[in-house]
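What follows is the residue order along each chain.
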Amino acid sequence: MTTPGTDPTATAKGNGMMKWWINSMWGFWLVLLTFSLGLATAIYYVWLKGNI
Amino acid sequence: MFDFMIAGVQAPIFLLVFVGFTVGIVGGFIGVGGGYMVTPALIVFGFPGYMASGIDMTHIAGKGLVSTLRHRQLGNIDWTMALTMVAGTMLGVELGVRTLVYFKNLGIAGVVLLVTSVVVMFSLFLYTQIETRRSHRQLKVMRTEGREMGRELHTSSLPKFFQSINLAPIVRCRTARVVVSMWVIVLVGVVTGFLAGFLGVGGGFIRVPALVYLVGASTHIAVGTDLVEIVFSGGYGALRHSIEGHVDMMAVVFMISGALFGAQIGSIATAYVRGPAIRYVLSYSLILATFGSVMRLAYVLTGQKVEWLSLIAVMLTLGEMIFLCLFIMSLLYFAWRNKRGAWVPDWVKSLVIS
Amino acid sequence: MTDTVNARRRGVVKFSFWTVIAATVMSLTVRSYMSGQMAEWFYHRAAVSGYAVNADMFKDATKSKPAVLQISTGNEINGLVAIRVEKGDRLPRNTNGVIADQTVTKGRRAVLAGATLQVFIPWEIKDAKGFKFKDTFKHKGVETWPWSGVWNVIIVAMLGLSLGLMAEGFTDMLGFKLEKIQHRATRR
């Protein structure tokens, strides 16, 4: 029985909106790539900007 | 920061160890030396271009040996295939280097090189990605139907054609379970060696797909066998570069220190995945390297005036190493979870061994 | 159980032995580098006739304030000094580049002024394969000792071998079993 304001499917593993990036191969790829490019940019600006 | 007295630069030790570690993981997993990632990274760190090539080649020889030992333990090396290919690879590399010198004397080496690397890498990416997705779809269907899945599945019909070439002597590659004309293997060595010598790379990203799609070896065998070639070509490259004065040994030592750990993770990870997983990572590596080359080519063709193109090329080079490393470690993590019966995404289940 | 214990013991021996080898090779390499011996192998002979210099000494020179190097003789470069060398000569200690006669004759980056060599442009930005780099006098006109190539390959091979076997010993020591992969293709 579902009480008002509670949706059982919202709490089930793998079904939440936040999991789109891990359930889809392309979503996972995109998130990892964005994170990696961000980290690369940070490394560049912290350590390497002075180099030619 | 460390003062490299031979290279004449100061560079952070942490970054060299980090690059060695990430490229070690990638190299151990997909069987590449990683030169197309490491050389631009070393240039960005401040090393002169010719030293970046020399340091990279020398470190590849050492790192390749670390990975080869682990792959030997996993049974991923077909020694017959490896030793048959070596002479062809060396000959191909020498021809490639001479062709490069010819274009250099004409004054157009830079553009020709970049265009060639873009064309080769993009073509390999397209073929590998399309074929791997087809294999992955079939594996998903088989898993749904509850059928037994082996370690490897590929859907290319090219190996059948090359294996049907009846030119003596015929070699039996027992570990790879392939019976093929020796000349096919030598030809693969010559062509991949030529491209490697011309583009100034180890050649793994060309040789692994060639062994899979032309000779018909499984991806794991292609990775392990290719690493043996990389040890030889890296060792020869290290000798030549050292004589030319292109090597700073401390930079090599720092990178191998990182590669020690990375190569172990990458090589051992192959035991937990199926062939298509390795081919996916290889194809991602190719497309990201292609974008980096396109940016550099665009920067050269616009007369080196559009600075952000050069910046994007640098971001892609560093970002590519980190991305591939994270993807491989994710696959390893998912394989571990899958084995324990924990939740993993659907697309992973047919790529990892349970 | 006994097999596992024996395998772990063998792993401990393997790991210890190869760790000692790896540590020895690494420390000998580092010592050889830091003592300047590898630098001497690197900056071994003059590949061209010209003036042996230490390019780090005048990297801040400009056209308005050129570096003035005293031309002298000797076996060592200390400070703003240039030592005349002919092609094939052993290079003095602390040399890291040779300013070729051709460069001096052209006069764009360096000129002779009596008993001194004046350097106006110690470095300039150049381009290769889409990457910018600093072109200095460092590494120019020098010839490396050919046998250093053989040594480098031996060092790298020993490092790769010892570190790889050390890692194998480590996993054996922990009892981490790695079995040979069954290369079975999937029947479609």
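What counts, and at which threshold
Residues numbered from 1 in each chain as written. Chains lettered and ligands numbered in written order. Predicted model: local features only at pLDDT ≥ 70, side-chain atom pairs only at ≥ 80, totals over all residues. Helix = DSSP H or I, 4+ residues; strand = E, 2+ residues; numbered from the N terminus. Rg over C-alpha atoms; globule rule 2.2 N^0.38 Å. Buried ≥ 20, exposed ≤ 12 C-beta atoms within 10 Å, placed from the backbone. Contact = placed C-beta atoms within 7 Å. Domains from an automatic or database assignment. Core = buried A, V, L, I, M, F, W, Y, C linked by C-beta atoms within 7 Å. Pairing = 2+ DSSP bridges. Axes fitted to C-alpha atoms, helices over the stretch in contact; angles between N-to-C directions. Nonpolar A, V, L, I, M, F, W, Y, C, P; charged D, E, K, R; others polar. Expected span 1.5 Å × (residues − 1). pLDDT = per-residue confidence, 0-100.

Colleague: Let's hear about the overall build of chain C: which residues, and what values?
Modeller: Scanning chain C from terminus to terminus reveals 4 helices and 10 strands. Scanning chain C from its N terminus toward the C terminus, one meets helices and strands in the order α-α-β-β-β-β-β-α-β-β-β-β-β-α. Taken over the C-alpha trace, chain C has a radius of gyration of 26 Å; the compact-globule value for 188 residues is 16 Å, which it surpasses by more than 25%. Taken along the three principal axes of its C-alpha coordinates, chain C extends 85 × 50 × 30 Å. Scored against the burial criterion, the 188 residues of chain C give a buried share of 38%. Across chain C, every contact between residues at least 6 apart in sequence was considered, and the portion connecting residues at least 24 apart equals 69%.

Colleague: Explain the overall build of chain B to me, using residue names and the numbers behind them.
Modeller: Across its full length, chain B carries 13 helices and 4 strands. For 354 residues, the compact-globule estimate of 2.2 N^0.38 gives 20 Å, and chain B sits close to it at 20 Å. Overall, the C-alpha framework of chain B stretches about 60 × 50 × 40 Å when taken along its three principal axes. A total of 354 residues make up chain B; the buried ones form 63% of that total. Put simply, of all contacts in chain B between residues at least 6 apart along the chain, 78% involve residues at least 24 apart.

Colleague: Explain the domain arrangement of chain C to me, using residue names and the numbers behind them.
Modeller: One can read the domain layout of chain C as domain 1 (2-37 + 147-173) and domain 2 (45-143). The gap between the C-alpha centroids of domain 1 of chain C and domain 2 of chain C is 40 Å.

Colleague: Residues and numbers for the nonpolar core, please.
Modeller: With 173 residues, the main nonpolar core has Val26, Val281, Ile328 and Leu331 of chain B together with Ala52 of chain C as its most contacted residues. Of the residues that make up this core, three or more belong to each of domain 1 (2-37 + 147-173) and domain 2 (45-143) of chain C. What Val26 of chain B contacts, discounting residues up to four positions off in sequence, is Val32, Gly34, Gly266, Ser285, Met321, Leu324, Cys325 and Ile328 of chain B.

Colleague: Tell me about the sheet that holds strand β2 (residues 50-53) of chain C, and please be specific about residues and values.
Modeller: Residue and element names in this part refer to chain C. Judged by pairing direction, the sheet is mixed, and its 6 strands sit side by side in the order β5-β2-β4-β3-β7-β6 without closing on themselves. Two strands in the sheet have a free side with no partner beyond their single neighbour: β5 (97-100) and β6 (110-113). Across the sheet, the mean angle separating the axes of adjacent strands is 35° when strand polarity is ignored.

Colleague: Lay out the environment of Arg279 of chain B in plain terms, naming residues and giving numbers.
Modeller: In this fold, Arg279 of chain B is placed in helix α11 (residues 275-301). The contacts of Arg279 of chain B, once residues within four sequence positions are left out, are Thr128, Thr132 and Thr219 of chain B.

Colleague: Explain the interface of chain C and chain B to me, and be specific about the residues and the numbers.
Modeller: At the junction of the two partners, chain C supplies 43 residues and chain B supplies 56 residues. Where the side of chain C that touches chain B is concerned, the elements lending two or more residues are α1 (2-34), α2 (37-42), β8 (123-128), β9 (131-136) and α4 (147-173) of chain C. Ranked by the residues each element gives to the side of chain C that touches chain B, the list is headed by α4 of chain C, at 15 residues. Considering only residue class, the side of chain C that touches chain B consists of 23 nonpolar, 13 polar and 7 charged.

Colleague: If you had to explain the interface of chain B and chain A to someone new, which residues and values would you point to?
Modeller: Between chain B and chain A, the residue contacts involve 17 residues of the former and 17 residues of the latter. For the side of chain B that touches chain A, the secondary-structure elements that each account for two or more residues are α2 (35-45), α12 (307-339) and α13 (346-349) of chain B. Among the elements that line the side of chain B that touches chain A, the one with the most residues is α12 of chain B, at 8 residues. The residue inventory of the side of chain B that touches chain A, partitioned by class, reads 14 nonpolar, 2 polar and 1 charged.

Colleague: An account of unusual backbone geometry is requested, with residue identities and associated values reported.
Modeller: In this chain, Ala168 of chain B is followed by Pro169 of chain B through a cis amide linkage whose omega measures -5°. Mapped onto the elements of the fold, Pro169 of chain B is located in the loop between α6 (158-163) and β3 (170-173). Even without being a glycine, Arg177 of chain B presents a positive backbone phi close to 60°. Tracing the sequence through the fold places Arg177 of chain B in the loop between β3 and β4 (178-181). Judged by local crowding, Arg177 of chain B falls into the partly exposed class, with 15 C-beta atoms found within 10 Å. In the Ramachandran plot, His139 of chain C falls in the positive-phi region, its phi being about 70° despite a non-glycine side chain. Turning to its location among the elements, His139 of chain C is positioned in the loop between β9 and β10 (142-143).

Colleague: I'd love a proper account of α11 of chain B, names of residues and values included.
Modeller: Helix length check: α11 of chain B, at 27 residues, gives a terminal C-alpha distance of 39 Å against a target of 39 Å (1.5 Å per residue), a fit within 8%. For α11 of chain B, the tally of buried residues reaches 22 of 27 residues, placing the bulk of the element in the interior.

Colleague: How would you sum up helix α1 (residues 13-30) of chain B? Please name residues and give values.
Modeller: All names here are of chain B. Taking 1.5 Å of rise per residue, the 18 residues of α1 would be expected to cover 26 Å, and the 26 Å separating its terminal C-alpha atoms lies within 8% of that figure. For α1, a buried count of 16 out of 18 residues is recorded, marking the element as mostly surrounded by other parts of the structure. A positive backbone phi angle near 75° is found at Gly31, which sits one or two residues after α1.

Colleague: Describe the confidence of the model for chain C, and please don't skip the residues or the numbers.
Modeller: All names here are of chain C. Confidence in the prediction for chain C averages 86 pLDDT; 93% of positions are at 70 or higher. Element-level mean pLDDT values for chain C span from 70 in β9 up to 93 in β2. For this predicted complex, the interface confidence comes out at an ipTM of 0.85, alongside a pTM of 0.85.

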